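So the chains spell out like this:
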Amino acid sequence: MIEFKGVTKVYPNGTVALDDVDLFIGKGEFVFILGHSGAGKSTLLKLVLREEAATSGEIVVADYHLNEIRNRDIPYLRRNLGVVFQDFRLIPTMTAYENVAFAMHVTNIPKKEIRKRVPYILHLVGLTDKAKVYPTELSGGEQQRVALARALVHNPPIIIADEPTGNIDPELSYEIMELLTEINKLGTTVVVVTHEQDMVADFHRRTIKLEHGRIVADTRKAVFR
């Protein structure tokens, strides 16, 4: 689902954010990408989303070759990616239902399909009773669940969670991770970017560790031997 071959990213100011990275994430995997601030995690995400282009190397995401992708095809690439952001990015003037539905409206999904799909997704993340509630009236954990529902509503083959537990209480962090685990069991590829080593250790999933723009550890062989 995601493959990097010899990928290097150098920013105009000379900062080497990624240095000769080789990475393969297969269909249906659950992977943690672990690293402290400045390790290269954010750059890796930007390359996957094609917000940035690699300086050198090859990147393939959901069968799209990002070195050759045309600008007009980038929105189609991103439909394969459900992204959950650390800061939730919910629209405060919309209810939980409307926030999730909006993600379908903007891609011209028929209203009938929206009315069918959104309640199902809200049920999946345990928010059926919060459908008419605005973000400011939700707890941090509930807001993160709305953000997760919005990422899931298109049924993307890949979910990317960028520090999904960074702005919620520790006990709620595990609830979010359990939800992502259940989503992975349905066949969705899940990539969680985090700096929380203790949580990663508790879930015993493949872990890729970044330091100074290089992969210094990958437990894939241990997981799949």
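Everything quoted here is computed from the prediction, not taken from an experiment.

Participant: Help me get a handle on the sheet that holds strand β2 (residues 16–25), residues and values and all.
Facilitator: Spatially, β2-β1-β4-β5 is the arrangement adopted by the 4 strands of the open sheet, whose pairing is antiparallel. Across the chains shown, the open sheet's two edge strands, defined by having one partner strand only, are β2 and β5 (64–65). Where strand β1 (residues 2–10) lies against strand β4 (residues 56–61), 5 bridges are found, and the strand directions are antiparallel. Bridged to Glu3 within β4 is Val60. Packed on one face of the sheet, helix α1 (residues 41–48) meets β1, β2 and β4 and runs near 120° to β1.

Participant: Mind laying out empty space enclosed by the protein, listing which residues take part and the relevant values?
Facilitator: Summed over the entire model, instances satisfying the criterion amount to 1 cavity of 30 Å³ or more. In this structure, the largest cavity encloses a volume near 30 Å³. In terms of lining, the largest cavity is formed by Ile2, Ile33, Leu44, Leu45, Val48, Ile160 and Val191. Here the lining of the largest cavity gets 3 residues from one element, more than from any other, and that element is α1. Looking at the lining of the largest cavity, its residues break down into 7 nonpolar, no polar and no charged.

Participant: How would you explain the packing of aromatic side chains if you had to name every residue and give the values?
Facilitator: Inspection of the entire model under this criterion finds 2 aromatic pairs. Ring geometry for Tyr174 against Phe203: centres 5.7 Å apart, planes inclined by 20°, an arrangement best described as stacked. A residue pair is termed long-range when its members are at least 10 positions apart, and Tyr174 in helix α6 (residues 170–185) and Phe203 in helix α7 (residues 197–203) qualify at 29 residues. Classification of Tyr174 as partly exposed rests on a relative accessible area of 32%. Residue Phe203 is classed as buried on the basis of its relative accessible area, which comes to 13%. Seen from the ring of Phe85, Arg89 lies directly overhead, with NZ or CZ sitting 3.8 Å from the centre.

Participant: So what's going on with the packing of helix α3 (residues 96–105) against helix α4 (residues 111–124)? Residues and values would help.
Facilitator: For the pair α3 and α4, interaxial distance at closest approach is 10 Å and the crossing angle is 135°. Between α3 and α4, the angle falls in the class oblique. At the point where α3 passes α4, the crossing takes the right-handed sense. In this structure, α3 uses Tyr97, Val100, Ala101, Met104 and His105 to contact α4, whose residues at the interface are Lys111, Glu113, Ile114, Arg115, Arg117, Val118, Pro119 and Leu122.

Participant: Summarise the layout of surface pockets; cite the residues concerned and give the values.
Facilitator: For the largest pocket, the calculated volume is near 540 Å³. Counting residues per element, the ones that place at least two in the lining of the largest pocket are α2 (74–78), β6 (81–84), α3 and α5 (140–152). For the lining of the largest pocket, a count of residues per class yields 12 nonpolar, 4 polar and 5 charged. Of the volumes computed, that of the second largest pocket is approximately 270 Å³. If you go around the second largest pocket, you meet 14 residues; those closest to its centre are Ser42, Leu45, Phe85, Arg89 and Asp162. Within the residue set of the lining of the second largest pocket, elements represented by two or more residues are α1 and β7 (158–162). Ranked by the residues each element gives to the lining of the second largest pocket, the list is headed by α1, at 4 residues. When grouped by side-chain class, the residues that make up the lining of the second largest pocket number 5 nonpolar, 2 polar and 7 charged.

Rules behind the numbers
Residues numbered from 1 in each chain as written. Predicted model: local features only at pLDDT ≥ 70, side-chain atom pairs only at ≥ 80, totals over all residues. Heavy atoms only, no water. Pairing = 2+ DSSP bridges. Helix = DSSP H or I, 4+ residues; strand = E, 2+ residues; numbered from the N terminus. Contact = heavy atoms within 4.5 Å. Axes fitted to C-alpha atoms, helices over the stretch in contact; angles between N-to-C directions. 1 Å grid on protein atoms, 1.4 Å probe; cavity = no way out; pocket = protein on both sides within 12 Å on 5 of 7 lines; lining within 4 Å. Points joined across faces, edges and corners; volume = space filled by probe spheres on them. Nonpolar A, V, L, I, M, F, W, Y, C, P; charged D, E, K, R; others polar. Phe/Tyr/Trp six-rings, centres within 6.5 Å; stacked < 30°, edge-to-face > 60°. Buried < 20%, exposed > 50% of the residue type's maximum accessible area, 1.4 Å probe, protein only. Lys NZ or Arg CZ within 6 Å of the ring centre and 35° of its normal. Parallel < 35°, antiparallel > 145°, perpendicular 65-115°, else oblique. Left-handed = near helix turned anticlockwise from the far one by under 90°.

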